[in-house]
Every structure is written in C-alpha cells, then in structure tokens.
Amino acid sequence: QQQVKQSPQSLIVQKGGISIINCAYENTAFDYFPWYQQFPGKGPALLIAIRPDVSEKKEGRFTISFNKSAKQFSLHIMDSQPGDSATYFCAAGSNFGNEKLTFGTGTRLTIIP
Amino acid sequence: DSGVTQTPKHLITATGQRVTLRCSPRSGDLSVYWYQQSLDQGLQFLIQYYNGEERAKGNILERFSAQQFPDLHSELNLSSLELGDSALYFCASSVDPGDDSPLHFGNGTRLTVT
C-alpha cells in the first residue's frame, strides 16, 4: 500500500526557475519528513528534513513547506541549476526518525539551460 | 562518498538461485538498513539492524533474510530467486535510529535475475 504519494513523476525546469515537488501522506502517525536526492549510479543522500512542529524549513536554495492539516509537504528548489538534475524522493517516518521510512516513488528533475 | 560500502556492484543470476549481498556501514554507525529499489515501486524498506539485533522489519519476503555481524557489517540473503526480485538493493547506515541523523546510503547492488 502506497502511503506516501509523490508528484510529478518527472519535471523539466529552466535554469533559474523554481522546481516544486509535492508529497501527500495518509498515516497521521508520521512525524518526520526527509527529502533525499539521488544522482545516477549513486545512493540517495539526505537533502533536507522537517518535523511537523514547523510549517517551513529553508536551507540555502532548498525549502520544505509542510501542511499538517492537509497531510502534504513539498520541496521547493529556488534558482534551479543544472547540477540539481537528479531524482528526488520524499519520505515519511514515525516513532524514531529513520526507522521504517516510507519513501515516495521519486521525481526525476531535469534542469535545462 | 557516503562511507557505506556495498559488494558486489552487479550480480546476474538465474531463477531459483541464492545470492548474498554484503554491506559495510560507515565507521561509527550502529544501525544498518536494507532497501529495495525497483522502477515502479521506489524505495521499499526491507529490514533494519541495530548493533547486531533486528530492530524493524518492513516488506521483506520470507525468501529473504539478513543479519548483522559483531563487526557491524551486514549481509542480505536472497533465495529461490524470481524474475521479480531484479532490482537495486541499497544498504544504508546511521548513528542512531532514534534521532534525525541522516541515512547514509551505499551505491547499491544491482541484481538481475534471468
């Protein structure tokens, strides 16, 4: 059963534009929401994460927006660069941070010049 | 480089066979996680070990088993392999599963079952 729904499946954005990836979850017990970035041939790497006690978290050009009532969260990449081209996974966990993380199906982001 | 080492990088085997995937966690990390990545399913959590003990179980088939050894390396055993088991298998490690420390993923083992 898919507990974290991620969209879009693929996304093409012009250099300098804003990339937005959305995720929705069903399990209200989730309380930890990380985003992972994966380059071809590599394993995923943590990009940014949020807990539901805040509605937004920003790290450089990357921002997570969190809407607890809607059970949705999203990743915004400002001033997107070709080096941001990768697959992005949202995830959700409960109880203890990284235990049994449920991942979305991924978004393949391509930044074009 | 995440510091997590997975071997082998590629594995091609036939249906019905058994294979063992190996993972060495990052130095100092006590938790090891196994994930399966297929094209249409994304990353699926299989199992987690903490300091040698099974800590959490996900959608791991009965044909699959894992263990974590005293030196903290881990092995994932896949038996009676089926075509549908073809996937990327990732190992990840973290310092402590109870906090928000990141999962550090290896580069994966690509398993092809023919």
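Scroll up to find the structure this text is about.
Given the structure is predicted, the values throughout are model-derived calculations rather than measurements.

Structural notes on the overall build of chain A
Then, in step 1: The helix and strand inventory of chain A stands at zero helices and eleven strands.
Then, in step 2: Ordered by position in the sequence, the α and β elements of chain A form the string β-β-β-β-β-β-β-β-β-β-β.
Then, in step 3: Here the C-alpha radius of gyration of chain A, 13 Å, is about what a compact globule of 113 residues would show, namely 13 Å.
Then, in step 4: Seen through its C-alpha atoms, chain A measures out along the principal axes to roughly 40 × 30 × 20 Å.
Then, in step 5: Buried positions account for 46% of the 113 residues belonging to chain A.
Then, in step 6: Positive and negative side-chain charges in chain A, numbering 11 and 8 respectively, have mean positions lying 5 Å apart.

Concerning the sheet that holds strand β8 (residues 72-77) of chain A
Strand pairing in a sheet relies on backbone hydrogen bonds, with the paired strands running either antiparallel or parallel.
Residues and elements named next belong to chain A.
Then, in step 1: The antiparallel open sheet is built from five strands, whose spatial order is β1-β3-β8-β7-β6. Where the open sheet ends on each side, the last strands, each with one partner, are β1 (4-7) and β6 (56-59). The mean angle between the axes of side-by-side strands here comes to 15°, regardless of whether they run parallel or antiparallel.
Then, in step 2: Summarising the sheet, strand β3 (residues 19-25) and β8 pair through six bridges and their orientation is antiparallel. Bridge pairing in β8 places cysteine 23 opposite phenylalanine 73.

Some details on the packing of aromatic side chains
Then, in step 1: Evaluated as defined, the whole model comprises 16 aromatic pairs over all chains.
Then, in step 2: Plain terms: the ring middles of phenylalanine 89 of chain A and phenylalanine 103 of chain A are 6.4 Å apart, the flat faces sit at 80° to each other, and that makes the pair edge-to-face. Highlighted residues: phenylalanine 89 of chain A in strand β9 (residues 86-92) and phenylalanine 103 of chain A in strand β10 (residues 102-103), separated in sequence by 14 residues. Of the two residues examined, phenylalanine 89 of chain A and phenylalanine 103 of chain A, each falls in the buried class.
Then, in step 3: Plain terms: the ring middles of tyrosine 35 of chain B and phenylalanine 105 of chain B are 5.7 Å apart, the flat faces sit at 50° to each other, and that makes the pair tilted. Residue tyrosine 35 of chain B is located in strand β4 (residues 31-38), and its partner phenylalanine 105 of chain B is located in strand β10 (residues 104-105); the two are separated by 70 residues in the primary sequence.

Digging into the state of the cysteines
What makes a disulfide is a covalent bond joining the sulfur atoms belonging to two cysteines.
Then, in step 1: As enumerated under the stated definition, the model contains two disulfides over all chains in all.
Then, in step 2: Two residues share a disulfide in this structure: cysteine 23 of chain A and cysteine 90 of chain A, whose sulfurs sit 1.9 Å from each other. Disulfide cysteine 23 of chain A-cysteine 90 of chain A: the torsion about the S-S bond is -95°, which places it as left-handed. You can see cysteine 23 of chain A sitting in strand β3 and its partner cysteine 90 of chain A sitting in strand β9, a full 67 residues away along the chain.
Then, in step 3: Using a relative accessible area of 3% as the deciding quantity, one classes cysteine 23 of chain A as buried.
Then, in step 4: The side chain of cysteine 23 of chain B participates in a disulfide bridge whose partner is cysteine 91 of chain B; the two sulfur atoms lie 1.8 Å from each other. Judged by the sign of its S-S torsion, about -55°, the cystine formed by cysteine 23 of chain B and cysteine 91 of chain B is left-handed. Residue cysteine 23 of chain B is located in strand β3 (residues 19-24), and its partner cysteine 91 of chain B is located in strand β9 (residues 87-94); the two are separated by 68 residues in the primary sequence. The same class applies to cysteine 23 of chain B as to cysteine 91 of chain B, namely buried.

Description of the nonpolar core
Soluble, globular proteins show a tendency: their nonpolar side chains are buried together.
Then, in step 1: Within the largest apolar cluster, 24 residues are counted, with the highest numbers of intra-cluster contacts made by Phe33, Trp35, Phe73, Leu75 and Tyr88 of chain A.
Then, in step 2: If you tally residues by element for this core, the top one is β9 of chain A, at four residues.
Then, in step 3: Filtering out sequence-adjacent residues up to four positions away, tyrosine 88 of chain A remains in contact with Gln6, Ile21, Tyr36, Gln37, Leu47, Phe62, Leu75, Ile77, Gly106, Thr107 and Leu109 of chain A.
Then, in step 4: In this structure, Tyr49, Ala66, Tyr89 and Leu111 of chain B belong to the second largest nonpolar core, which totals 21 residues.

Some details on the sheet that holds β3 of chain B
Residues and elements named next belong to chain B.
Then, in step 1: Across the sheet, four strands lie side by side as β1-β3-β8-β7; this open sheet has antiparallel pairing. Bordering the open sheet on either side are β1 (5-7) and β7 (64-68), each of which pairs with just one other strand. Across the sheet, the axes of successive neighbouring strands diverge by a mean angle of 15°, strand direction being ignored.
Then, in step 2: Here β3 pairs with strand β8 (residues 74-78) via five bridges, running antiparallel. Its bridge partner being in β8, arginine 22 is matched across the sheet by glutamate 75.

Rules and cut-offs
- Residues numbered from 1 in each chain as written.
- Chains lettered and ligands numbered in written order.
- Predicted model: local features only at pLDDT ≥ 70, side-chain atom pairs only at ≥ 80, totals over all residues.
- Heavy atoms only, no water.
- Helix = DSSP H or I, 4+ residues; strand = E, 2+ residues; numbered from the N terminus.
- Rg over C-alpha atoms; globule rule 2.2 N^0.38 Å.
- Buried < 20%, exposed > 50% of the residue type's maximum accessible area, 1.4 Å probe, protein only.
- Lys, Arg positive; Asp, Glu negative; His and termini not counted.
- Charge placed at Lys NZ, Arg CZ, Asp CG, Glu CD.
- Pairing = 2+ DSSP bridges.
- Axes fitted to C-alpha atoms, helices over the stretch in contact; angles between N-to-C directions.
- Phe/Tyr/Trp six-rings, centres within 6.5 Å; stacked < 30°, edge-to-face > 60°.
- Disulfide = S-S within 2.5 Å.
- Core = buried A, V, L, I, M, F, W, Y, C linked by side-chain atoms within 4.5 Å.
- Contact = heavy atoms within 4.5 Å.

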